[in-house]
Amino acid sequence: MFFATDDDKDLKLPLLPPPPYNNDGQGNTSTNTDMFLDTREVDKIPSLKEFKFTHLKKATSNFSRDPLLGREFLMLGWIDENTFAPRKPGVGIAVVVKRLQKGSYERQQEWLTEVSMLGRLSHPNIIRLLGYCNEKDEYLLVYEYRQNQSFDRFLYANGTDIGKSLSWGTRLMIMIGVARGLAYLHSSKPPIIFRDVKTSDILLDQDFNAKLADFGLARLGPEIKEKLVGGEEILGTHGYVAPEYLATGHFSVKTDMFGFGVVLLETLTGLRSIDAARPIGRSNLVGWTMPMLKRREELEKIMDPRLEQNYPLEAAFKCAKLVLRCLAYSPKDRPSSEEVLHSLEQIYRLGYTGDQGMDGSTKAIRCGFNGYYPGSWYPMGTLVNTTVGVSG
């Protein structure tokens, strides 16, 4: 929770109390989004290391880009596990260093948001921020390294067929992890709106456990209404942005659930939310597939062929119905993150019991992890716990 403790009394960095509320004159309230901190207020957060620029430059071999990380502003670095001092490549522990664009007010605000929020969050499904650097107009962040990078790298077929390694069970476990992370954020006091749920911001460790990353657009809730001026850029990613934000600038925790619904749809189909290379009428995945999600026989046509039908058919249909709920036009009609988590846990269990297929036959399908979790089942009891708390 965002409350000060005795250990924090000497910090210059505020602990982000609930932001003030504004009344729109019609009895509706929304949170003030102008809650960013001045960089001069950033001193130290107990859980974070303040890195020197020269050390990060050395740790990343002069900020050399790593092609596996996929983004030009992300670099792979090596540091000592105990002292965090820079080390040669392959020595110590690997970290990811994000170097934000210089001279950009927007990037500066994203940096402040990540430091102030991630520095106080602790959850297995939230990326861990190790530290930060702010020297000479340079803004850098240092994160834990996730061996399998981001979900999109595995989910889409980009000619590498890497998506074939993602079994039904693995895909469901990834989405359960995302739901757990969102439930943690949304149950915080005040709630945290992640705001940009998408496959590229879901990182995977060596065991394919999911972690939400990139909190640059995150805000404290419960609801926020931004003033969108004509021609102003919408903050978010095309294909994942909820309709209420596009129309009014209003977003809430239910906006996150719309993005979650899009990602779950991509998980079922193995297709990108937006792809201009697809035939006319199919470039927008949501618009194209929504009618097909309502009927079992139509759903089977759009399921990812790389699954090779190795999934419980009834479970897939339940996932499709959950997608429809998350993509409801009205935010109030969408399920909460806790409801989604509970639903996915129940769907996951269908993989280990007899299941009636679309053809009426009963199929008992082991939807395991294709070698990533050989001969074992995930202990479902560990999925139910969504205990909320913020470190520090």
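Just so you know, these numbers come straight off a predicted model, no measurement behind them.

Undergrad: Quick question: what am I supposed to make of the overall build of the protein here?
TA: Each helix and strand in the protein was counted, giving ten helices and 15 strands. Residue burial in the protein is summarised as follows: out of 392 residues, 54% are buried. Only carbon and sulfur atoms are counted for the fraction: they give 50% of the accessible area of the protein, which is about 18,200 Å².

Undergrad: Sorry, what's going on with the pattern of salt bridges here?
TA: A side chain with one charge can pair with a side chain of the opposite charge if their charged atoms come near. Applying the stated rule across the entire model yields 17 salt bridges. When the shortest N-O distance is used, the salt bridge between K211 and E144 registers 3.5 Å. In this pair, K211 is assigned in strand β10 (residues 210-212) and E144 in strand β7 (residues 138-144), connecting sequence segments 67 residues apart. Take K211: its relative accessible area is 11%, and that puts it in the buried class.

Undergrad: Just to check I follow, could you spell out the pairing of strand β5 (residues 93-99) for this structure?
TA: Working note: regular strand, side chains alternate between the two faces of the sheet. Most of β5 is tucked away: five of the seven residues are buried. Of the pairings in the sheet, the one linking β5 to β7 comprises five bridges and is antiparallel in character. Paired with R99 across the bridge in β7 is L140.

Undergrad: Whenever I open this one, the side chain of T289 confuses me. Can you help?
TA: Tracing the chain through its elements places T289 in helix α7 (residues 285-289). Overall, the relative accessible area of 0% leaves T289 in the buried class. In this structure, T289 is in contact with L265 and I302, ignoring residues within four places of it in sequence.

Undergrad: Honestly, the packing of aromatic side chains in this entry has me stumped. Any pointers?
TA: Each aromatic ring pair is summarised here by two numbers: the centre-to-centre distance and the angle between the ring planes. Throughout the structure, instances matching the rule amount to eight aromatic pairs. With centroids separated by 5.2 Å and ring planes inclined at 75 degrees, the aromatic side chains of F154 and F208 adopt a geometry described as edge-to-face. Here F154, found in helix α3 (residues 151-155), pairs with F208, found in the loop between β9 (202-204) and β10; they are 54 residues apart in sequence, far enough to count as distant. In terms of burial, F154 and F208 fall into one category: buried. Ring geometry for F194 against F215: centres 4.9 Å apart, planes inclined by 75 degrees, an arrangement best described as edge-to-face. Taken together, the positions of F194 in the loop between β8 (192-193) and β9 and F215 in the loop between β10 and β11 (219-220) put the pair 21 residues apart, joining distant regions of the chain. For the pair formed by F194 and F215, the shared burial category is buried. Here the aromatic residues W111, Y132 and Y139 are joined through ring pairs into a cluster of three or more. Cation over ring: R99 sits above F63, and NZ or CZ is 4.3 Å from the ring centre.

Undergrad: Any chance you could explain the environment of M173 here in plain terms?
TA: For M173, the location among the structural elements is in helix α4 (residues 168-186). Under the relative-accessibility criterion, M173 is labelled buried at 10%. Along the chain, M173 and F208 lie 35 residues apart, while their C-alpha atoms are 8.1 Å from each other.

Undergrad: Can you walk me through the environment of L212 in this structure?
TA: Along the chain, L212 turns up in strand β10. Exposure remark for L212: the relative accessible area of 1% places this residue in the buried category. Between the C-alpha atoms of L212 and L182, which are 30 residues apart in sequence, the distance is 8.3 Å. Non-local contacts of L212, meaning those with residues more than four positions away in its chain, are made with N125, I126, I127, V178, G181, L182, L185, F194, D201 and I202.

Undergrad: Looking at this structure, I do not really get helix α9 (residues 313-326). What am I missing?
TA: Each α-helix winds once per 3.6 residues, and so residues spaced three or four apart point in a common direction. If you check α9, its first and last C-alpha atoms are 20 Å apart, about what 14 residues at 1.5 Å a residue would give, namely 20 Å. With eleven of its 14 residues buried, α9 lies for the most part within the structure. Regarding α9, the residues found buried are L313, E314, A315, A316, F317, C319, A320, L322, V323, L324 and C326.

What counts, and at which threshold
- Residue indices follow the written sequence of each chain, beginning from 1 at its first position.
- Predicted model: local features are reported for residues with pLDDT of at least 70 only, side-chain atom pairs are reported and counted for 80 or more only, and whole-chain, interface and lining totals are derived from all residues.
- The basis for the side-chain values is all heavy atoms of the structure; hydrogens and waters are excluded.
- Comment: elements are numbered from the N terminus, with helices defined as DSSP H or I runs of at least four residues and strands as E runs of at least two.
- With a 1.4 Å probe rolled over the protein chains alone, any residue whose accessible area is under 20% of its type maximum counts as buried; one over 50% counts as exposed, and the rest are partly exposed.
- Values of accessible area rely on a 1.4 Å probe in the Shrake-Rupley scheme; residue burial ignores everything except the protein chains shown.
- Each reported salt bridge corresponds to a side-chain nitrogen of Lys or Arg within 4 Å of a carboxyl oxygen of Asp or Glu.
- Pairing between two strands is assigned when DSSP locates at least 2 bridges connecting them.
- Every residue pair with non-hydrogen atoms within 4.5 Å of one another is taken to be in contact.
- Aromatic contacts are taken between Phe, Tyr and Trp rings whose centres are within 6.5 Å, Trp giving its six-membered ring; a plane angle under 30 degrees counts as stacked, one over 60 as edge-to-face, and the others as tilted.
- By definition, being over a ring means that NZ of Lys or CZ of Arg is both within 6 Å of the ring centre and within 35 degrees of the ring normal.
- In this analysis, the expected span of each helix is defined as 1.5 Å times one less than the number of residues it contains.

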